[in-house]
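Chain residues, written in single-letter form:
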Amino acid sequence: YSRDSHGSRFIQFKMETAVDAEKQLLVDEVLEEAVSLASHPFGNYVIQNFLLHATPEQRYSIACTFHGHMIKLSTQAHGCR
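Below is a short write-up of the structure. (Residues numbered from 1 in each chain as written. Predicted model: local features only at pLDDT ≥ 70, side-chain atom pairs only at ≥ 80, totals over all residues. Heavy atoms only, no water.)

Here we take up the nonpolar core. Ranked by size, the top nonpolar core spans 15 residues in total, and within it I47, F50 and F66 carry the most contacts. Looking at this core, the elements that each hand over two or more residues are α1 (5–17), α2 (20–31), α3 (34–38) and α4 (43–53). The element best represented in this core is α3, accounting for four residues. The contacts of I47, once residues within four sequence positions are left out, are V30, A34, L37, A38 and F66. (Core = buried A, V, L, I, M, F, W, Y, C linked by side-chain atoms within 4.5 Å. Buried < 20%, exposed > 50% of the residue type's maximum accessible area, 1.4 Å probe, protein only. Helix = DSSP H or I, 4+ residues; strand = E, 2+ residues; numbered from the N terminus. Contact = heavy atoms within 4.5 Å.)

As structure tokens, this is what we get:
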């Protein structure tokens, strides 16, 4: 879902309207692919949205997935937004 325009928007909307328990389910689902989504044309919007609307603990989990990948992401057009 996160890799096409309609799915990306749908997931972002769900994150914006979810309660904390639902947000955790969404974060858990995206966490394994967070690095590749961050550099994807549509997936990067999902990651940005999750960082805006997640709980502090969820933001920390997402940020930890980027450990060791920052140089790679910073050199990609979609990864450095």
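We now examine the packing of α1 against α4. Axis separation between α1 and α4 bottoms out at 9 Å; the angle between their running directions is 5°. In terms of orientation, α1 lies roughly parallel with respect to α4. Counted together, S8, I11, Q12, M15 and E16 of α1 and Y45, V46, N49, F50 and H53 of α4 form the full contact between these two elements. For the contact of α1 with α4, the residue count by class is five nonpolar, four polar and one charged. (Axes fitted to C-alpha atoms, helices over the stretch in contact; angles between N-to-C directions. Parallel < 35°, antiparallel > 145°, perpendicular 65-115°, else oblique. Nonpolar A, V, L, I, M, F, W, Y, C, P; charged D, E, K, R; others polar.)

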